[in-house]
Amino acid sequence: MSVSTPILSESKTAELKCPLSLDDTIERYIGAFSWNQLLQAVLVSVAWLFDAQQSFISVFTDAEPTWHCTQLGDEFCNPILSNACQLPRNSWSWDFPVNTSIISEWGLECASLFVKGLPASSFFMGCLAGGFILSTLADSFLGRKNMLFFSCLMMSVSCLLTMLSTNVWIYSILRFVNGFGRATIGTCAIVLSTELVGKKWRGQVGALGFFCFTLGFLSLPAIAYINRGSSWRTLYLWTSLPALVYCILVHFFVHESPRWLFLQGRTEEAVSIIRSIASPNLSCLSMNLSNVFFEQEAWNVDLYSVIKVLWKKRWALRRLSAIMVTSFGIGMVYYGMPLSLGNLSFNLYLSVIFNALSEVPASLITFFLVGKLNRKGSLLFFTILSGICSIMCVVTGKIWTTLQIGLELVSFFSAVTAFSLLFIYTLELFPTCVRNSALSIVRQAIVLGGVISPVLVAAGREHQFLTYGIFGLVIGVCGLSVIGLPETRGRTLSDTMDEEEYKLKSESCSYV
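K.L.:
How would you explain the overall build of the chain if you had to name every residue and give the values?
P.N.:
Helix and strand content of the chain: 22 helices and 6 strands. For the chain, restricting intrachain contacts to residue pairs at least 6 apart in sequence, the fraction spanning at least 24 positions comes to 83%.

The following block contains the structure:
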């Protein structure tokens, strides 16, 4: 159906004979980047900072502390060679107060690997559950902004409540809730921020979110080092309070996506937002949108209809399946490598700092070069490079520890860059009506890799190939699945499934 509504425009538009698409019309007024758009993009992207903190906070709170022998002359006690569980409890002691980690506070040093890894696995399982249950709400009735607010609020409140945990079981339940709330933050943030700008700045704004994620990751070792010797609960306190303040800012100052509002029939709100974020030289123009044309979807957008249509459309299913396979491999390395840093013969604080710092050049590469990089070729290159370096970590670890940490950093850097490009590629592969849902589903594939990685990390304490070797094989093989996908660099975004199908048919005809 055609939509005729008063909105900002140039007088020449009415003279055009061919109807404009919704994307072309919105592009006219938000294509020129303004300070209002920059402010919105930054404010929305900050959500990634708190997302990163909760994703990797267990690296410090759930770490097994170092210990020392208390009885001099005991030839059987050696912190490097001995197993503390096989020694009398009065023959050794923790190097720091017992409340610095859940392992020492609740006496889990001799617990099974299942119990030790339960909190981290619970967090990722919560991410899976939250991603599945909440994935379509941002595309249906809640919208991008409200979904972002709701997710951040649930994550921050559950983070604050985690401080009250009295045992590993309550702690694991709260970590599950924390992951459940956190599940849709990244997808809502990147979709909302990129839909508030024109296609010229889409890649840079998307990379801005990853840069904020890097800052969040980098802030963790700093907070942990400042509070070293303090209770692990302190980390949850100092990461939950700023997140609560951020929720207030989102509620009062963030705009909803005008694209989503148009598709929901809330045209007046969409027009108002375009006026508020358009560059100054366009905000005073007036026209009507008599030539704006877009097709409403033939299916009703309810809670799970977007998932159904993704599976029913053959081209959408093909794209979704391929990108999910790649996402699984990237997620295993992206979440697994920071968790496995304790398995390396290197200082934990420095290892986490180096890994966090490796995200900075990855974010900068994405920010400055995303407009010039082909999505498909770049994903192939970085996934294969990450796989090769990860496998080489197994070999060099027995020879040269310094080279091992260097290869680990290159592998993680490549996985981070692939992670950033993957999100931008995904949001360009799917139209507005299902974009947030598709990105959420893809992110669940990433999280599924994160669910499996703690098991491999635990197994890698005895055999490193079970960690870094499998990491490398999985990401390298999974990265090959993007070969059959179309290239999207510089391509105009579609708003409906029908519009995307029309473009596919047009492109097919152009090759004949």
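Structure shown, so let's carry the discussion forward.
K.L.:
Outline helix α17 (residues 348–369), supporting the account with residue identities and numerical values.
P.N.:
Across its 22 residues, α17 extends 32 Å between first and last C-alpha, which sits within 8% of the 32 Å expected from 1.5 Å per residue. Burial in α17 covers these residues: S351, V352, N355, A356, S358, E359, A362, S363 and T366. Each buried residue of α17 lies within a common arc of 150° when the element is viewed along its axis, so the set occupies one face. Buried positions along α17 lie against α4 (58–61), α10 (202–226), α16 (314–339) and α19 (401–429).

K.L.:
Go over the packing of helix α3 (residues 47–56) against helix α9 (residues 185–195), please, and point to the residues and values.
P.N.:
At a minimum axis separation of 9 Å, α3 and α9 run at an interaxial angle of 160°. Between α3 and α9, the angle is such that the two are roughly antiparallel. Of the two possible hands of crossing, α3 and α9 adopt the one that is left-handed. Across the interface between the two elements, A47, W48 and D51 from α3 touch I185, G186, A189 and I190 from α9.

K.L.:
Mind laying out helix α20 (residues 432–459), listing which residues take part and the relevant values?
P.N.:
In this model, α20 (28 residues) spans 42 Å end to end at C-alpha, consistent with the 40 Å of a helix rising 1.5 Å per residue. Of all the bends in α20, the greatest, near 30°, is centred on I452, and the proline P454 appears no more than four residues after it. Most of α20 is tucked away, with 24 of its 28 residues classed as buried.

K.L.:
So what's going on with a nonpolar patch on the surface? Residues and values would help.
P.N.:
A grouping of V245, I248, L249, F252 and F253 is seen on the molecular surface, where their side chains present a nonpolar patch of about 520 Å² in accessible area. Take I248: it is sitting in helix α11 (residues 233–253).

K.L.:
An account of the nonpolar core is requested, with residue identities and associated values reported.
P.N.:
In this structure, W48 and L148 are the most contacted members of the largest nonpolar core, which totals 123 residues. Here the element with the most residues in this core is α19; it accounts for 15 residues. If we skip the residues at most four places from it in the chain, W48 touches G186, A189, I190, G209, F210, C212, F213, F419, F423 and R443. Counting 6 residues, the second largest nonpolar core, distinct from the first, contains W67, A84, W92 and W94.

Analysis parameters
- Residues numbered from 1 in each chain as written.
- Predicted model: local features only at pLDDT ≥ 70, side-chain atom pairs only at ≥ 80, totals over all residues.
- Heavy atoms only, no water.
- Helix = DSSP H or I, 4+ residues; strand = E, 2+ residues; numbered from the N terminus.
- Contact = heavy atoms within 4.5 Å.
- Expected span 1.5 Å × (residues − 1).
- Buried < 20%, exposed > 50% of the residue type's maximum accessible area, 1.4 Å probe, protein only.
- Arc of directions from axis to C-beta.
- Axes fitted to C-alpha atoms, helices over the stretch in contact; angles between N-to-C directions.
- Parallel < 35°, antiparallel > 145°, perpendicular 65-115°, else oblique.
- Left-handed = near helix turned anticlockwise from the far one by under 90°.
- Bend = angle between axes of the 7 residues up to and from the residue.
- Patch = residues over 30% accessible without salt bridge, like charges linked within 9 Å, V, L, I, M, F, W, Y side chains within 5 Å.
- Areas by Shrake-Rupley, 256 points an atom, 1.4 Å probe, with all protein chains shown as cover.
- Salt bridge = Lys/Arg side-chain N within 4 Å of Asp/Glu carboxyl O.
- Core = buried A, V, L, I, M, F, W, Y, C linked by side-chain atoms within 4.5 Å.

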